[in-house]
Amino acid sequence: MTHTLHRRGTEESLNKDYVFLCMAAKGINEDGSEDKMREFLKIILRHEPANIGDMRTGNMYDTSIEEILAKVTSTSIVHGVFTDRDTVAIVLRELKEADLGMSIVVSGPFSSVEEICQAAGLTPHSVDYSADIWGKREKLPSDEILEVTTMCGHAMIASNLVKSLVNDIKAGEISAEDAGKEFAKLCECGIFNPSRAAELLSVMASE
Amino acid sequence: MRIDDEACIGCRLCPPYCPMSAISMDRPAKVARIEQDECVECGVCLRSGICPVDAFIEEVHSWPRSVRAAFSNPLLVHKETRVPGRGTEEAKTNEVTGQFRRGFVGVTAEMGRPGVGTRFSDVEKVAQALARVGVVFAQNNPVTYLMTDQTTGKLNSEILDEKVCSAMIESTTPVENLPAVIKELREVASQIDTVFSLTLSTRLEPDGSAPCEKVLKELGVPVYINGKTNVGLGRPLFEEVSA
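Here we summarise the structure given alongside this text. (Residues numbered from 1 in each chain as written. Chains lettered and ligands numbered in written order. Predicted model: local features only at pLDDT ≥ 70, side-chain atom pairs only at ≥ 80, totals over all residues.)

1. Concerning the interface of chain B and chain A
Often, the extent of an interface is quoted as the loss of accessible area upon association of its parts. What counts, and what does not: A pair of residues counts as a contact when their C-beta atoms, built from backbone coordinates, are separated by no more than 7 Å. Strands are runs of DSSP state E lasting at least two residues, helices are runs of H or I lasting at least four, and both sets are numbered from the N terminus onward. Residues are grouped as follows: Ala, Val, Leu, Ile, Met, Phe, Trp, Tyr, Cys and Pro are nonpolar; Asp, Glu, Lys and Arg are charged; all remaining types, including Gly, are polar. DSSP bridges decide pairing: two strands pair if at least two such bridges lie between them.
Chain B puts 69 residues into the contact, and the matching count from chain A is 66 residues. Elements with a contribution of two residues or more to the side of chain B that touches chain A: α3 (94-97), β5 (104-111), α6 (178-189), β12 (195-203), α7 (211-218) and β13 (226-230) of chain B. Tallying contributions element by element places β12 of chain B first for the side of chain B that touches chain A, with 9 residues. Per-class residue counts for the side of chain B that touches chain A are 34 nonpolar, 22 polar and 13 charged. Of the strand pairs in this sheet, strand β6 (residues 126-135) of chain A and β12 of chain B are connected by 8 bridges, and their pairing is antiparallel. Across the sheet, residue tyrosine 129 of chain A finds its bridge partner in β12 of chain B, namely leucine 200 of chain B.

Below, the structure written as structure tokens:
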């Protein structure tokens, strides 16, 4: 699943949006992987992530962190989200030192991730490129709405909800920060970045 | 998913939450309704907790409607692949599995993404286009399981009218076949009633370059500045043997 791919936005905005993913390869290194993925989450939690989650359980906005940690299984896919590259660099160094033996994927601007890997003494192995949206593009919402909705790769965030909450922000009924957290609850995997969403929603509400 | 008419109080809170815009208000009856043909059974309306009177009722569906939840609710694990979500491990574990090797590129068309949804009739059109240029479909992929013929990309006809949030057609092909793949995708893209997001997955060369990136540039395919990087920490490492 390419759920952390295809996030859209400007370079400036995407530089505030990094996702770590950790998982085992089925039938190869999954024995005992639940403890290693739990350790991955503990490393992430030491650095004030914008979000964490497990595809099997939920995220830190709809489930307790204790429950997420307790329910990790060998088929879990666990995540952590950060908003700045300096923290990403520190986390990656700690993950390298922890030597968990699990696959780790970092989603973010390639130029930044490449430099962060270099600084950590890591040679990237493989990449997934996002090569645009094809077909009936007239069915898509505006680019500014897509910047919010594509932060949930499983499309659990409706474009109509973005419009609705932007209206609520304009009306002073909800803050951009709380609207960002409302979206984060819907993205079960915990890869949604509520901090970046709050910035994007504030801009939309001011237009 | 359906809404209990007796329980619904017509508060109008739920329609914006539906990713497929399948919930609307029945004004004369003063209740919300779900258009069953558009509902992909993703469960967002229920999980959001937005209904103040718990009027959403999640039903267990039989074949072929059962494929809707399997491809739309990310909390469900495909029983065949044991991978939650809609695809395989693809490049995420490539340093361990060797799924994508040097000289090859992974081509994934995620039908219906972002946020539009897709019928399997459109999934079949794109799968057949890819089959025509000789790609090899990923074996541990839920769409591949629904193919009745992997050499043509033909899907089980019983599911063609079913709508899902998204469905990933995952395949591998030699890098030199990429121009033919892109040509075929350009043609079929004009024949579908939805969108797809295209992913190219590749093993990096020792100098950090990716041969497919140059090919995509020559073909005029836009590549985003951001993407996924497998940093190579998984063990045991897959050892690639040169041909």
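2. A short note on the pairing of strand β5 (residues 103-109) of chain A
Let me state the cut-off plainly: Residues with at least 20 other C-beta atoms within 10 Å of their own are called buried, those with 12 or fewer are called exposed, and the rest are partly exposed. The C-beta atoms themselves are positioned from the backbone.
Burial within β5 of chain A is extensive, with 6 of its 7 residues counted as buried. With 5 bridges joining them, strand β1 (residues 18-23) of chain A and β5 of chain A adopt antiparallel strand pairing. Bridge pairing in β5 of chain A places valine 19 of chain A opposite serine 107 of chain A. Bridge analysis of β5 of chain A against β13 of chain B gives 5 bridges, and the strand direction is antiparallel. Within β13 of chain B, the residue paired with valine 106 of chain A across the bridge is threonine 229 of chain B.

3. Observations regarding helix α5 (residues 110-119) of chain A
Put simply, the test is: This arc corresponds to the set of directions leading from the helix axis out to the C-beta atoms.
Buried within α5 of chain A are the following residues: Val113, Ile116 and Cys117 of chain A. Buried residues of α5 of chain A, viewed axially, fall in a sector of 100 degrees; they line one side. Those residues of α5 of chain A that are exposed and angled more than 90 degrees off the buried face are Ser111, Gln118 and Ala119 of chain A. Buried residues along α5 of chain A sit against α4 (85-98) and β5 of chain A together with β13 of chain B. Of the residues trailing α5 of chain A, glycine 121 of chain A is marked for its positive phi of about 75 degrees.

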